[in-house]
Amino acid sequence: MNRLGSERSPYLRHAADQPIDWYPWSDEAFQRAADEDKPVFLSSGAVWCHWCHVMAKECFYNEEIAGMLNRDFICIKLDRDERPDIDRRYQQAVVAIAAAGGWPLSVFLMPDKRPFFGGTYFPPDDSHGRPGFKKVLAALLDFFKTKRAEADEYTQRLLEHLRQEGPAAGELSPAMADRAAESILAAFDSANGGFGQFPKFPMPGAIEFLTSRYSRTHDESSANVIRRTLSAMARGGFHDQLQGGFHRYSVDEAWFVPHFEKMADDNAWLLRNYVSAYSLFGDAYYKEVAEGIVRFSREVLSAPEGGFYASQDADVTPDDEGGYFTWTDEDLRRVLDEDEYRVLFLHYFSPRGRMHHDDKKHVLCIAKEPEEIAEMTGLEASRVQELISSARKKLLAERSGRVAPYLDTTIYTSLNGLFITAYMKAYKALGDDSIREFGLASLDRILKEHVADGRLYHCSNIPALLDDYVFLIEALLAAYEATADRKHLSRAEEFMETCIEKFWDSSSGGFFDAEEKLLDITLKQVEDIPHPSANAVAVVCLLELQRALGNDRYLRHAEDSLKAFAARVPEMGLHAGYYFRALDLYFQLNG
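Keep in mind the model is a prediction, meaning the values are calculated, not measured.

Scoring rules and cut-offs
- Residue indices begin from 1 for each chain and proceed along its sequence in written order.
- Only residues with pLDDT of at least 70 are given local features in this predicted model, and only at 80 or more are side-chain atom pairs given and counted; all residues enter the totals for whole chains, interfaces and linings.
- The basis for the side-chain values is all heavy atoms of the structure; hydrogens and waters are excluded.
- To qualify as a helix, a DSSP run of H or I must reach at least 4 residues; to qualify as a strand, a run of E must reach at least 2; elements of each kind are numbered from the N terminus.
- C-alpha atoms define the radius of gyration in this analysis, and the globule rule sets the expected value at 2.2 Å times the number of residues to the power 0.38.
- Categorising residues by exposure relies on relative accessible area from a 1.4 Å probe, with only protein chains included: less than 20% of the type maximum marks a residue as buried, more than 50% marks it as exposed, and the intermediate range marks it as partly exposed.
- Residue contacts are counted whenever heavy atoms from the two residues lie within 4.5 Å of one another.
- Accessible surface is estimated by sampling points in the Shrake-Rupley manner with a 1.4 Å probe; for residues, cover comes only from the protein chains shown.
- Pairing between strands requires that DSSP locate at least two bridges from one strand to the other.
- The angle between two axes is taken between their N-to-C directions and runs from 0 to 180 degrees, where each axis is a line fitted to C-alpha atoms and a helix contributes only its stretch in contact.
- Oblique is the label for any angle not under 35 degrees, not over 145, and not in the 65 to 115 range, which are roughly parallel, roughly antiparallel and roughly perpendicular in turn.
- For any helix crossing, the convention is left-handed if the near helix is rotated counterclockwise from the far helix by under a right angle, and right-handed if that rotation is clockwise.
- Only buried Ala, Val, Leu, Ile, Met, Phe, Trp, Tyr and Cys residues count toward a nonpolar core, and they belong to the same one when joined by side-chain atoms within 4.5 Å.
- What counts as a salt bridge is simple: a side-chain nitrogen of Lys or Arg found within 4 Å of a carboxyl oxygen of Asp or Glu.
- Two rings from Phe, Tyr or Trp (for Trp, the six-membered ring) form a pair when their centres sit within 6.5 Å of each other. Planes less than 30 degrees apart are called stacked, planes more than 60 degrees apart edge-to-face, and all others tilted.
- Sitting over a ring, as applied to charges here, requires NZ of Lys or CZ of Arg to be within 6 Å of the ring centre and within 35 degrees of the ring normal.
- Cavities and pockets were defined on a 1 Å grid built from protein atoms only: a cavity is a group of points that admits a 1.4 Å probe but offers it no way out, a pocket is an open group of points flanked by protein on both sides within 12 Å along at least five of seven lines, and a lining residue is one with an atom within 4 Å of any such point.
- Grid points are joined across faces, edges and corners, and a volume is the space filled by probe spheres set on the points.
- Side-chain classes are defined by residue name, with Ala, Val, Leu, Ile, Met, Phe, Trp, Tyr, Cys and Pro counting as nonpolar, Asp, Glu, Lys and Arg as charged, and the others, Gly among them, as polar.
- Each helix should span, by expectation, one fewer than its residue count multiplied by 1.5 Å.

Colleague: It is not clear to me how the overall build of the protein should be interpreted in this structure. Could you clarify?
Modeller: When its secondary structure is counted, the protein shows 24 helices and 16 strands. For a compact globule of 591 residues, the expected C-alpha radius of gyration is about 25 Å, and the protein comes in at 25 Å, within 12% of that figure. Structurally, the protein occupies a C-alpha span of about 75 × 60 × 45 Å along its principal axes. A burial count over the protein gives 60% of its 591 residues as buried. In the protein, of all internal contacts separated by at least 6 residues, the share reaching a separation of at least 24 is 70%. With the model as given, the accessible surface of the protein reaches about 23400 Å², and the carbon-plus-sulfur share is 47%.

What follows is the structure, given as structure tokens:
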């Protein structure tokens, strides 16, 4: 047993039985590294992360690797959900070193926290073009011991690169949003819906931007992109066809096979996308999908008394990716009667839904619509729909009897803010009072449990970051809109004042992501990665506060924030979708 058994983070506790002398992120670990003059190995990941589990199984339970790490390194395990501020900075370092980031994040540090090498997943031995972790450890230890001057010089250059300021502030014009819309429409995948190629992530900020514009312009090209994308995502295995809710992303370009983790932030933003589209287009399918997200979040991803959980893991074991969510032909024959099997196989089994590691297993995705099945089988369309409905209930009951992937029940302020806002918007679109009431109960829980002595917390004893403040402010404003209770507006104003005090960049505008300057690196991000950034959402909150309270200081902050990023967002296009949503709103209110 190492030091992680008593940690609050489930990801850290999961590593407590590994034969590695793990420390949590702490001064104690770095002091020991300095005292013993050893490099630090930092492993950052999450309890929902498939490849984190794979590397843990292959490397962190490997006695030879554990021996190398325990003898020659000081080892730190980090939960990227618990400490996103630390993870973001080392992600940037690894992207600069290896031109790619992600999880697990594997970073090697000097005893003073400076990074000198990094990557993501490493197999234990050379495999599929990736260097083996044993070889990496030996090479880096030699580099640290025999080429210390080179290591110091390299880390210094790396930090200078990471500390570089972004482009200077730019001017604002409505044409910026027009050009962004053109860029986003040009990135649309007309064959499969969504944007770009695989792996394919939902880009909710871009959808919100196009939805907002369509509500004013009724531009049919925007409507086509919105509807094709939302329909394609909902029809694919990226969408859980049985219980509702969405997985994190699709490994293919057509939304057939997902990476199976289910995240609070993704589902909150997608709920907003689908209720916005339902409000605009009146499409009953979007209402059905939105209700499915609510159902999943209530049944799985939340506490009965209020409060939303962080995530559901991708796997039960790293050996069977997506096993909980996938089905074989034999499974269907065993669970369903003959008529149900015949119809459901046609409806949900597509050759493109086969799992790459076991082609007998399929992700359920809509291969044929009920009307097509009726024509093929000679059954009435209503009978086909009845059979699909009864079969789905049987499959969901069967799946519920399986060992479910791990559920991270941590209550994070930022993620709850996102879901509470989504619930308020869903209440408005769907007219279901229970949605509003659960959102308000969740808001009350955050305000009672995550505010102490005038301080807001990310979770337990972790001070709040920009994301926590901004997404909670947005939730309070959404609650005010849904209830007309001015106490929510007053709390939103109160938190915004604190947010400005703690995070505002008084020299250039915009908000820093954290109070603490780890490695003297300040981050002021605006890109959607893939969900909208806190800086972009903050602008919308500032504009709404100005409109509600008549405080022009909020308008000036919104304008200064928009200007702070104006020089860099044109090249981001799709990846700054929510910034352009905020820019559009600014000109609507101040045109």
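Colleague: How should I be thinking about the sheet that holds strand S13 (residues 407–408) in this particular structure?
Modeller: Note: strands within a sheet are paired through backbone hydrogen bonds, in either parallel or antiparallel orientation. Taken in spatial order, the 3 strands line up as S8-S9-S13 in an open sheet, and their pairing is antiparallel. A single partner strand is all that each edge strand has here, and the edge strands are strand S8 (262–263) and S13. With 2 bridges connecting them, S8 and strand S9 (residues 311–312) associate as antiparallel partners. Its bridge partner being in S9, lysine 262 is matched across the sheet by glutamine 312.

Colleague: Would you explain the packing of helix H19 (residues 466–483) against helix H20 (residues 486–503) in this entry?
Modeller: A pair of packed helices is characterised by two quantities: the angle between their axes and the separation of those axes. Their axes nearest at 8 Å, the elements H19 and H20 cross at an angle of 160°. Taken together, H19 and H20 sit at an angle that is classed as roughly antiparallel. By crossing handedness, the relation of H19 to H20 is classed as left-handed. Facing Leu466, Tyr469, Val470, Leu472, Ile473, Leu476, Leu477, Ala479, Tyr480 and Thr483 of H19, the residues of H20 in contact are Arg486, His488, Leu489, Arg491, Ala492, Phe495, Met496, Thr498, Cys499, Lys502 and Phe503.

Colleague: Can you help me understand the nonpolar core in this one?
Modeller: General note: in soluble globular proteins, nonpolar side chains tend to be found buried as a group. Counting 119 residues, the largest nonpolar core has Leu271, Tyr274 and Tyr579 as its most contacted members. In terms of residues, this core owes the most to one element, H19, which gives 12 residues. Among all residues touching tyrosine 579, those that are not within four sequence positions of it are Leu172, Met176, Val526, Ala536, Leu562, Phe565, Ala566 and Val569. Counting 37 residues, the second largest nonpolar core, distinct from the first, contains Ala56, Met110, Phe133 and Leu137.

Colleague: Whenever I open this one, the sheet that holds strand S12 (residues 358–363) confuses me. Can you help?
Modeller: Spatially, S10-S12-S11 is the arrangement adopted by the 3 strands of the open sheet, whose pairing is antiparallel. Two strands close off the open sheet at either side, each with one partner strand: strand S10 (326–327) and strand S11 (354–355). When S11 meets S12, the two strands line up antiparallel, connected through 2 bridges. Residue methionine 355 lies in a different strand from S12, and its bridge partner there is aspartate 358.

Colleague: Looking at this structure, I do not really get the pattern of salt bridges. What am I missing?
Modeller: Oppositely charged side chains can pair when the atoms bearing their charge come close. With the rule as written, the count across this model stands at 46 salt bridges. Salt-bridge contacts for arginine 333 lead to aspartate 329; the nearest nitrogen and oxygen are separated by 2.8 Å. Separated by 4 residues within a single helix, arginine 333 and aspartate 329 lie in helix H13 (residues 329–335), roughly one turn from each other. With relative accessibility at 51%, the residue arginine 333 sits in the exposed group. Across the pair aspartate 331 and arginine 334 runs a salt bridge, and its minimum N-O distance is 3.3 Å. On the criterion of helical spacing, the pair formed by aspartate 331 and arginine 334 is a turn pair, its members being 3 residues apart in helix H13.

Colleague: How do you make sense of the pairing of S12 when you look at a structure like this?
Modeller: Consecutive side chains of a regular strand alternate in pointing toward one face of the sheet and then the other. Summarising the sheet, S10 and S12 pair through 2 bridges and their orientation is antiparallel. Note on S12: the bridge partner recorded for threonine 326 is valine 363. Adjacent in sequence and paired antiparallel, S11 and S12 are bridged by 2 residues.

Colleague: It is not clear to me how unusual backbone geometry should be interpreted in this structure. Could you clarify?
Modeller: As a rule of thumb, non-glycine residues mostly have phi less than zero, and peptide bonds are mostly trans rather than cis. In this structure, proline 104 follows tryptophan 103 across a cis peptide bond, with omega equal to 0°. Tracing the backbone shows proline 104 in the loop between helix H5 (84–98) and strand S4 (105–109). Residues isoleucine 529 and proline 530 are joined by a peptide bond in cis, for which omega reads -10°. With respect to the helices, strands and loops of the structure, proline 530 is situated in the loop between H20 and helix H21 (534–549). A positive phi angle, near 55°, is found at aspartate 453, a position not held by glycine. Along the polypeptide, aspartate 453 turns up in the loop between strand S14 (451–452) and strand S15 (455–459). Judged by relative accessible area, which is 81%, aspartate 453 ranks as exposed.

Colleague: Please explain the packing of aromatic side chains as it appears in this structure.
Modeller: A ring pair, where both rings are aromatic, is described by two values, the distance of the centres and the angle of the planes. The tally for this structure, following the rule as stated, stands at 39 aromatic pairs. With 6.3 Å between their ring centres and 45° between their planes, phenylalanine 108 and phenylalanine 117 make a pair best called tilted. The class for phenylalanine 117 is partly exposed, based on a relative accessible area of 28%. By way of ring pairs, the aromatic residues Trp22, Phe41, Phe60, Phe73, Phe108, Phe117, Phe122 and Phe133 are connected into one cluster. Across from the ring centre of phenylalanine 144, 3.8 Å away, lies the NZ or CZ of arginine 148, which sits over that ring. The lysine or arginine in question, arginine 227, covers the ring of phenylalanine 281, its NZ or CZ lying 4.8 Å from the ring centre.

Colleague: Which parts of the structure should I look at to understand empty space enclosed by the protein?
Modeller: Empty space among the atoms becomes apparent when a probe as large as a water molecule is rolled across them. Considering all chains together, one arrives at 4 cavities of 30 Å³ or more under this definition. Empty space within the largest cavity amounts to approximately 70 Å³. Forming the walls of the largest cavity are Gly237, His239, Asp240, Gln241, Leu242, His247, Phe325, Trp327, Val363, Leu364 and Arg399. Taken together, the residues of the lining of the largest cavity break down into 5 nonpolar, 4 polar and 2 charged. Roughly 40 Å³ of internal volume is contained in the second largest cavity. Along its surface, the second largest cavity is lined by Gly194, Phe195, Phe201, Pro202, Met203, Pro204, Ile207, Thr229, Met233, Leu270 and Asn273. Of all elements in the fold, only helix H9 (204–217), helix H10 (220–235) and helix H11 (264–281) reach the threshold of two or more residues within the lining of the second largest cavity.

Colleague: Teacher, can you tell me more about helix H24 (residues 577–590) here?
Modeller: Note on helix geometry: an α-helix contains 3.6 residues per turn, so any two residues three or four positions apart are oriented the same way. Counted at 1.5 Å a residue, the expected span for H24 with its 14 residues is 20 Å, and the 20 Å between its end C-alpha atoms agrees. Taken across its 14 residues, H24 has 11 buried, putting it largely inside the fold.

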